[in-house]
Amino acid sequence: MSFIEDVKAKAKAKQKTIVLPESEDKRVLQAAEKIQKEGFARLILLGEKEQVEKDAKAWGVDLSGIEIVNPKTYAKLDDYVSTLVELRKSKGMTEEEARKLLTESNTYFGVMMVKKGEADGLVSGANHSTADTLRPSLQILKTKPGTKLVSAFFVMVVPDCEYGEKGTFVFSDCGLNQNPTPEELAAIAESSAESFRFLVGAEPKVAMLSHSTMGSAKHADVTKVQDATKIVKENNPNLLVDGELQLDAALVESVASLKAPGSKVAGHANTLIFPDLDAGNIGYKLVQRLAKAEAYGPMTQGIARPVNDLSRGCNVADIVGVVAITAVQCQLYDNN
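Residues numbered from 1 in each chain as written. Predicted model: local features only at pLDDT ≥ 70, side-chain atom pairs only at ≥ 80, totals over all residues. Heavy atoms only, no water.

Undergrad: Explain the environment of Thr 213 to me, please; I cannot follow it from the model alone.
TA: Residue position: Thr 213 is located in the loop between strand 7 (205-209) and helix 9 (220-235). The sequence separation of Thr 213 and Cys 161 amounts to 52 residues, and the corresponding C-alpha distance is 23 Å. With residues near it in sequence (within four places) discarded, Thr 213 still touches Glu 244, Leu 245, Gln 246, Ala 249, Lys 259 and Ala 260. (Helix = DSSP H or I, 4+ residues; strand = E, 2+ residues; numbered from the N terminus. Contact = heavy atoms within 4.5 Å.)

Right, dumping it as structure tokens:
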């Protein structure tokens, strides 16, 4: 069974409700139809019911069995407004401003549905920036207890690949933190290990990546990764983590035996932690395009409930995959 089929099976075993705010997007409606037919998640589409159904008909999409909610006429809107005012009162939020946000931004409304427990998670971003998706999430849901940092990862599934966990990896951070400090990089590694373990179902082997392996180069950027590695090891003595490692030393046993002999991670890494956002973003796109890998994300970790951001270049299969992963993430939150 492929990674994504395995994830769908996990999601189907304990169905969760996922909000899709971008009902105006053809790809989202096509994905919703597919998800409904596969039956691994319950869906809520946000928008004016008549318009959504009109668009669906024009695009040949069957939305039978999918709930459509219009934020402007929702019976619990007043309660949502009161909650948002209370959450943001320290920032001067007024009732008028709260009502405007909730009725004009489907993302704000969808995140409030998650806050109120009327949905388990949210997937957005096909038509919106990462900031548009995450801002309401951080304002309304806030961070997960015990989490130092919200970060973003991709699940990468590389065909015909001998590395990682049968070609499956977590790449992080590829979407949020521009130039993390050692402490932030350590937090990203810790969250990514947890995400890998739960989603892939295997033991994470975490490589803290650099242009240097075990002190082969001297630079402040190298020192940052070394310091982050020390923090992770101190906080998680049972976690398989090592660094700093160049990518080839992290993945290839023959290279690892030369550059990092004795490392339990080098040559076997499946969770790759990039030193900054430039490296992470470039890295995942290189693998996606040149190795024809499936790239699911950017998935977020560290928010109090699962909210995930789509790439604006996503296709229908990407949306289906991210919804499946989000549904499984909801199960992880149930366990905490």
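Right, picking up where we left off after that structure.
Undergrad: Which parts of the structure should I look at to understand the packing of helix 8 (residues 182-200) against helix 9?
TA: Think of two packed helices as two axes; the pair is described by the angle between the axes and how far apart they sit. The contact between helix 8 and helix 9 brings their axes to 8 Å, and the two run at 50°. When the axes of helix 8 and helix 9 are compared, the pair comes out oblique. In terms of crossing hand, the pair formed by helix 8 and helix 9 is right-handed. Residue-level inspection shows Pro 182, Glu 183, Leu 185, Ala 186, Ala 189 and Glu 190 of helix 8 in contact with helix 9, the latter providing Lys 224, Val 225, Asp 227, Ala 228, Ile 231, Val 232 and Asn 235. Taken together, the residues of the contact of helix 8 with helix 9 break down into eight nonpolar, one polar and four charged. (Axes fitted to C-alpha atoms, helices over the stretch in contact; angles between N-to-C directions. Parallel < 35°, antiparallel > 145°, perpendicular 65-115°, else oblique. Left-handed = near helix turned anticlockwise from the far one by under 90°. Nonpolar A, V, L, I, M, F, W, Y, C, P; charged D, E, K, R; others polar.)

Undergrad: Just checking my understanding: could you explain the sheet that holds strand 3 (residues 67-69) for this structure?
TA: By definition, the strands of a sheet pair up through backbone hydrogen bonds, in either a parallel or an antiparallel sense. Spatially, five strands are ordered 3-2-1-4-11 in an open sheet, and the strand pairing comes out parallel. Each of the sheet's edge strands pairs with one partner strand only, and the pair in question is strand 3 and strand 11 (307-309). The mean angle between the axes of side-by-side strands here comes to 25°, regardless of whether they run parallel or antiparallel. With two bridges joining them, strand 1 (residues 17-20) and strand 4 (residues 121-124) adopt parallel strand pairing. (Pairing = 2+ DSSP bridges.)

Undergrad: What's the story with the nonpolar core in this structure? I'm lost.
TA: Nonpolar side chains tend to gather and get buried jointly when the protein is soluble and globular. Judged by nonpolar contacts, the single largest core of 44 residues is most densely connected at Leu 45, Leu 63 and Val 323. At nine residues, the largest contribution of residues to this core is made by helix 13 (residues 316-334). In contact with Leu 63, not counting residues within four places along its chain, are Leu 29, Ala 32, Leu 45, Val 52, Ala 56 and Ile 68. Grouped together as the second largest cluster of nonpolar side chains are 26 residues, Ile 44, Val 81, Leu 102 and Val 114 included. (Core = buried A, V, L, I, M, F, W, Y, C linked by side-chain atoms within 4.5 Å. Buried < 20%, exposed > 50% of the residue type's maximum accessible area, 1.4 Å probe, protein only.)

Undergrad: Where do I start with the sheet that holds strand 8 (residues 240-245) in this structure?
TA: Strand order across the open sheet formed by six strands is 8-7-9-6-5-10, with mixed pairing between neighbours. This sheet does not close on itself; its edge strands, each paired only once, are strand 8 and strand 10 (294-301). Strand-to-strand, the axes of this sheet are offset by a mean angle of 20°, without reference to chain direction.

Undergrad: It is not clear to me how the packing of aromatic side chains should be interpreted in this structure. Could you clarify?
TA: The geometry of an aromatic ring pair comes down to the distance between the two centres and the angle between the two planes. Tallied over the entire structure, the rule returns seven aromatic pairs. Ring geometry for Tyr 74 against Tyr 80: centres 5.5 Å apart, planes inclined by 50°, an arrangement best described as tilted. On the basis of an interplanar angle of 85° and a centroid distance of 5.3 Å, the ring pair of Tyr 74 and Phe 109 is categorised as edge-to-face. Linking Tyr 74 in the loop between strand 3 and helix 4 (77-87) with Phe 109 in helix 6 (residues 106-115), this pair joins segments that are 35 residues apart in sequence. Each member of the pair, Tyr 74 as well as Phe 109, carries the same accessibility label: buried. Here the aromatic residues Tyr 74, Tyr 80 and Phe 109 are joined through ring pairs into a cluster of three or more. (Phe/Tyr/Trp six-rings, centres within 6.5 Å; stacked < 30°, edge-to-face > 60°.)

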